[in-house]
Amino acid sequence: MSDAEYDRLFRELQALELEHPSLRTPDSPTLRVGAPPLTAFPKRTHAVPMLSLANAFTDDELLAWEERIVRIAGTEVQRRGYSAELKIDGGAVSLTYVDGVLVHGATRGNGMVGEDVTPNIRTVRDVPLRLRGRRVPSPVEVRGEIYYPFDLFERMNEDLVRKGERVFANPRNAASGSLRLLDSSITASRPLRFFGYGIVAGDDAQLPVHLQTDVLDLLEQWGVPVAPHRRHCASMAEVIEWARQVEHEYRADLNFAIDGGVVKVNEIALQQDLGVIGGREPRWAIARKFAPDIAETTLLEIRVNVGRTGALNPYAVLDPVEIGGTTVTYATLHNEDLILRKDLRVGDRVQVKRAGEVIPQLIGPVPEQRTGHERRWHMPSRCPACGTPVVRDEGEAMHFCPNAACVGRRLEAIRHFASKGAMDIRGLGESRVAQLVDAGLVTDVADLYDLTADQLQGLEGFASRSAEQLVAAIDASRAQPLSRLLFGLGIRHVGATAAELLAREFRTMDALRAADEERIAAVHGIGEVIARSVTEYFADRTSAKLVDRLGVRKLTFEEPVSAPADGALRGQTVVITGTLPTLSRQQATALVEQSGGRVTDSVSKKTSFVLAGENPGSKLEKAKGLGVEVLNEDQLRQRLSQRG
Ligand code: IVH
């Protein structure tokens, strides 16, 4: 059942129960929050229940909510306004700190009893193991949401597809699934993140703040990340404007899933007066949900794209349809088995889902709408790019083009190498790569490093500035660590995670090349299949030569050891805004982190400096207002070279 459908049915049931209380059964879903805990984890009873939220789907419903609470608690509730926050779509957790030290981490479970997943929580790098500052009550619970960033989610799913394993339907499932793995070392390999949104103190008198907006500031002071775009709204009109901006402006740029906003009465004393409805939902907060992001359209065609490893990826061409403000034309289909399992036929009416920035997913056909003209689909027997007969290894979900010189593979190999998760070469997208290959300027990724601005200027769409910028971006990518290079090489079965494990273990390209299959398979998290693929890759003459050529071009064949204790930015908090002249956001973040600094999303008095580029957002203004120092990219580099 889709979330939207669940929400609709749940509300219908709530309304019915309200009208006919005698019909409410003891096992009604309205009396329960979430799923019961698994038996495999120790249970943990929450000292204060972890509540759920009522929903408002329209502005009118928000206004009706305000009217209700004003009726109960008086116009007092409007005095301190509202705290408007993003509603992170992940897994809710409660973190218990004693004397500032993390001692327990638990999932929400059914709201009363959750699962103690402390070892897994400890692996989440955003979760402070110790809270900073002197005003920390003890014990204290920090509540918030564990989530899976979009870009890394997509990388993991691509990894899983390649391995023929089941993919996660969305980042929320990936977050709560990873949190509930019995082996915390696997959780550790998943890049989970955390945002805090609440504090539960044993004794409220110990809390030095009286407003929810101050709670969020306090969390930041303690070192807990808080979601961006939070706003102190003086009136419901401001809340409504904020919600509109979130849905139509901010949402598209977020690297994590949200399913709406949360609006909270700001004054904590008033929250307590308003209380809880039926032990389930607070009266003092409401979720402003977005329009459902599912649409129905026609599946016009299934096409096949050749991946860099030769994997043949089928994708759907749809009759363009608008979902949540963007037009969707393509959806991934992963592999032939998945198409058969869903019984998708060309010409079918289909349901498509788009969650934020995640690649649109095809949920399935609507068989009732079939006319009889729909056609079943099968993988073509020859590669659509080069015509070579395709192969499918036993036990593999994917079909492959075995031709190493296939033009489709070559294009994809370069595009992947340059992509954000790999070498992150700004300005080198799909069409540019095709242009360079067509012009005969590059045949493989090593050729990229020989390109000159003069050569590029001869091509359509390049001015002298853009040509120089691309050459500079390629040049900058030489500094990427071994892990990104290994991922970028597109070695079969080596996804981002495996590349990182290998780089961390072997540290240098030479050490990895010298290792035999058995040694590689012995690395935790690396299996025989990956080990064989890696040794085969280096044994292959063409790829060995490519790696040698990359070495000659001075790419970094090393993985840096984590942040040096005496880094130039040790203990500093940095906010990045705007477009920097040469560094991408990811590269700038890596630079700061390698020097011992931390990058956060919002500017506060505690921010050490703001790194600003072209078209900076409101963060720059805020920094100026607070008197926080502002640096440009050059000044950052100077500062980094001052020490360490
Ligand atoms: S407040 C006391 N604030 O939404 C009210 N919840 O439907 C409940 N969530 O699983 C908590 N972002 O984990 C609150 N800024 C936010 C939130 C948030 C996400 C989740 C929460 C819970 C669900 C409630």
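Throughout, a residue's number is its position along its own chain's written sequence, starting from 1. In view of the model being predicted, local features appear only for residues whose pLDDT reaches at least 70, and side-chain atom pairs are presented and counted only at 80 or more, with totals across whole chains, interfaces and linings using the full set of residues. Water and hydrogen atoms play no part in the side-chain values, which are based on all heavy atoms of the structure.

Participant: If you had to explain the site of the ligand to someone new, which residues and values would you point to?
Facilitator: Note on definitions. A residue lies near a molecule or strand when any single heavy atom of the residue is within 4 Å of it. Lining the immediate surroundings of the ligand are 14 residues, of which Glu85, Ala92, Glu145, Tyr197 and Lys264 lie closest. Two N or O atoms count as a polar contact when they lie within 3.5 Å, although within protein this holds only if one can serve as hydrogen donor and the other as acceptor, and sequence-adjacent residues are included solely when both atoms are side-chain atoms. Between leucine 53 and the ligand, the recorded distance is 3.5 Å, taken from a backbone N or O atom to an oxygen atom. Within the residue set of the shell around the ligand, elements represented by two or more residues are β3 (82–88) and β10 (258–265). Numbering of helices and strands runs from the N terminus; a helix is a DSSP stretch of H or I covering at least four residues, while a strand is a stretch of E covering at least two. Among the elements that make up the shell around the ligand, the one with the highest residue count is β3 (four residues).

Participant: Run through the nonpolar core, naming residues and quoting values.
Facilitator: What is meant by a nonpolar core is a set of buried Ala, Val, Leu, Ile, Met, Phe, Trp, Tyr and Cys residues, joined one to another through side-chain atoms within 4.5 Å. Working definition: with a 1.4 Å probe on protein chains only, accessible area under 20% of the residue-type maximum means buried, over 50% means exposed, and in between means partly exposed. Counting 54 residues, the largest nonpolar core has Ile425, Leu448 and Leu550 as the members making the most contacts within it. With seven residues, the top contributor of residues to this core is helix α18 (residues 496–506). If you look at the next biggest cluster of nonpolar residues, it comprises 35 residues, including Tyr148, Ala175, Ala201 and Trp222.

Participant: Lay out the packing of helix α2 (residues 59–73) against helix α9 (residues 236–250) with the relevant residues and their values.
Facilitator: To get an axis, a line is fitted to the C-alpha atoms, and for a helix only the part in contact is used. The angle between two axes follows their N-to-C directions and goes from 0 to 180 degrees. In contact at an axis separation of 11 Å, α2 and α9 are set at 150 degrees when each is read in the N-to-C sense. In terms of axis orientation, α2 runs roughly antiparallel to α9. Handedness of the crossing formed by α2 with α9: right-handed. Only Met236, Val239 and Ile240 of α9 make contact with α2, whose side of the interface consists of Asp59, Leu62, Leu63, Trp65 and Glu66. Here the term charged refers only to Asp, Glu, Lys and Arg, the term nonpolar to Ala, Val, Leu, Ile, Met, Phe, Trp, Tyr, Cys and Pro, and the term polar to all other amino acids, Gly among them. Class assignment for the residues of the contact of α2 with α9 results in six nonpolar, no polar and two charged. Orientation is classified from the angle alone, with under 35 degrees giving roughly parallel, over 145 giving roughly antiparallel, 65 to 115 giving roughly perpendicular, and any other angle giving oblique. Left-handed describes a crossing whose near helix is turned anticlockwise from the far helix by less than a right angle; the clockwise case is right-handed. Pairs of residues are marked as contacts when any of their non-hydrogen atoms sit within 4.5 Å.

Participant: Requested: an account of helix α13 (residues 430–438), with residues and values cited.
Facilitator: Regarding α13, the residues found buried are Val433, Leu436 and Val437. Buried residues in α13, looked at end-on, bunch into an arc of 100 degrees, giving them a common side. Exposed and facing more than 90 degrees away from the buried side of α13 are Ser431 and Asp438. Buried-residue contacts for α13 involve α12 (407–418), α14 (445–448) and α15 (453–457). Positive backbone phi, at 75 degrees, marks glycine 440, one or two positions downstream of α13. Working note: the arc is built from the helix axis to C-beta atom directions.

Participant: An account of the sheet that holds strand β7 (residues 140–147) is requested, with residue identities and associated values reported.
Facilitator: The rule for pairing is simple: two strands pair if DSSP sees at least two bridges between them. Read across the sheet, four strands follow the order β5-β4-β7-β8 without closing on themselves; strand pairing throughout is antiparallel. Each edge of the open sheet carries a strand with a single partner, namely β5 (101–107) and β8 (193–201). On average, each strand axis in the sheet is tilted by 30 degrees relative to the strand beside it, whichever way the strands run. Pairing of strand β4 (residues 91–98) with β5 involves six bridges; the strand directions are antiparallel. Among the inter-strand pairings, leucine 95 is bridged to a residue of β5, identified as glycine 105. Along the sheet, helix α8 (residues 212–222) contacts β7 and β8; its crossing angle with β8, the most-contacted strand, is approximately 120 degrees.

No statement about biological role is implied by the geometric values presented.
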